[in-house]
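Chain by chain, the residues:
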Amino acid sequence: MATYENLLLDLNNGILTITINRADKLNALNIDTIREIKTAIQQVYDDADVKGAIFTGAGQKAFVAGADIAEIAELSELNARGFAERGQDVFAMIERCTKPVIAAVNGFALGGGCELAMACHMRVASDNARFGQPEVNLGVIPGYGGTQRMTQLIGKGKAMELMMTGDMITAEEAKNLGLVNHVVPQEDLMLKCNEILGKIISKAPLAIGLVIDCVNAVFNKDENGYQTEANSFARCCSSDDFVEGTNAFLEKRKPEFKGA
């Protein structure tokens, strides 16, 4: 089991809660934290006891309030590309994970924090949450996939506005734009996320993973999403879970999925 300096991990009822634990820094993402997130998401991939995951931030002020500005200030053109690509690779691991991953956004989700939340499969926000990509205020742009995912989630025009003005938006505004799935009082945030994940992980694991693959295929220009869907449908129909699910329906009982 890996040890972490900047994360707290807790596994309960198949759900791994990953908490960014730098509350004194508003949970800002530094290089070490990005490296630890990679290790944690790899555990989600590899550990059969983990059925889904929740990312959240320590404290009540911030999910992740951005990247570590002191580290960014030291970047040159020579090493900045690698800096961005490392973060993109880690967030792509989250996006491609075939187990469901939810962002429990409990405060500020700015810069790299907004990018982390957008890499998750869905976002639930507390009513005090704030979202934004304010990088232009520092003379840079989002580097961990923000320009791509925000455009995918809310559309070109509004994404352009938010990234060029650097404005923050409220949780309700984010919900209205389609950036957030649900807004709840902060005290109900983790309960809501666990409720959603509990419902998802009660379904056939193979089917859930293939839904993720097919939805991601919509945004992959090198992939025919319809063909991916047809292939995935066929794969489901060859699974034991398909036999169990259809038999359970016909027999009017609850299915017992095994993930095979």
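For the structure itself, look to the data block above.
These numbers come from a predicted model, not from an experiment. The residue numbers shown here count from 1 along each chain, following its written sequence. This being a predicted model, a pLDDT of at least 70 is required before a residue's local features are given, and a value of 80 or more before pairs of side-chain atoms are given or counted; all residues contribute to the totals for chains, interfaces and linings. By convention in this description, side-chain values take in all heavy atoms of the structure and omit both hydrogens and water.

Peer 1: Mind laying out helix α9 (residues 205–217), listing which residues take part and the relevant values?
Peer 2: For helices the rule is a DSSP run of H or I covering at least 4 residues; for strands it is a run of E covering at least 2, with both sets numbered from the N terminus onward. Helices are assigned an expected span. That span is 1.5 Å times one less than the residue count. In this model, α9 (13 residues) spans 19 Å end to end at C-alpha, consistent with the 18 Å of a helix rising 1.5 Å per residue. Exposure categories follow from relative accessible area, calculated using a 1.4 Å probe and restricted to protein chains: below 20% of the type maximum is buried, above 50% is exposed, and the middle band is partly exposed. Among the residues of α9, those classed as buried are Leu206, Gly209, Leu210, Ile212, Cys214 and Ala217. For α9, the elements touching its buried residues are α3 (77–96) and α10 (225–237). Contacts between residues were defined by any pair of non-hydrogen atoms, one from each residue, lying within 4.5 Å.

Peer 1: Kindly report on the environment of leucine 75, identifying the contributing residues and their values.
Peer 2: Tracing the chain through its elements places leucine 75 in the loop between α2 (69–73) and α3. Judged by relative accessible area, leucine 75 falls into the partly exposed class, the value being 28%. Beyond its immediate sequence surroundings of up to four residues, leucine 75 is in contact with Ala80 and Phe83.

Peer 1: Talk me through the sheet that holds strand β10 (residues 182–184); I want residue IDs and the actual numbers.
Peer 2: The criterion for strand pairing is that DSSP finds at least two bridges linking the strands in question. As summarised here, the arrangement of the 6 strands in space is β1-β2-β3-β5-β7-β10, forming an open sheet in which the pairing is mixed. Of all the strands in the sheet, just β1 (7–12) and β10 have a single pairing partner and so form its edges. When the angles between neighbouring strand axes are averaged without regard to direction, this sheet yields 20°. Note that strand β2 (residues 15–20) and strand β3 (residues 52–57) share 6 bridges and pair parallel. Of the residues in β3, the one forming a bridge with threonine 19 is threonine 56. Between N-to-C directions, angles span 0 to 180 degrees; the directions come from axes that are lines fitted to C-alpha atoms, helices contributing only their stretch in contact. Against the sheet, helix α1 (residues 31–46) touches β1, β2, β3 and β5 (101–105), its axis set at about 180° to β2.

Peer 1: Lay out the pairing of β2 in plain terms, naming residues and giving numbers.
Peer 2: Of all 6 residues in β2, 6 are buried; the element is thus mostly enclosed. Where β1 and β2 come together, 6 bridges link them in antiparallel fashion. Bridge pairing links aspartate 10 to threonine 17 in β2. The hairpin turn running from β1 into β2, its antiparallel successor, is 2 residues long, and asparagine 13 in that turn takes a positive phi close to 55°. Crossovers are described as right-handed under a simple rule: with the strands pointing away from the observer, the path leading from the first strand over the helix to the second runs clockwise. Handedness of the crossover joining β2 and β3 through α1: right-handed.

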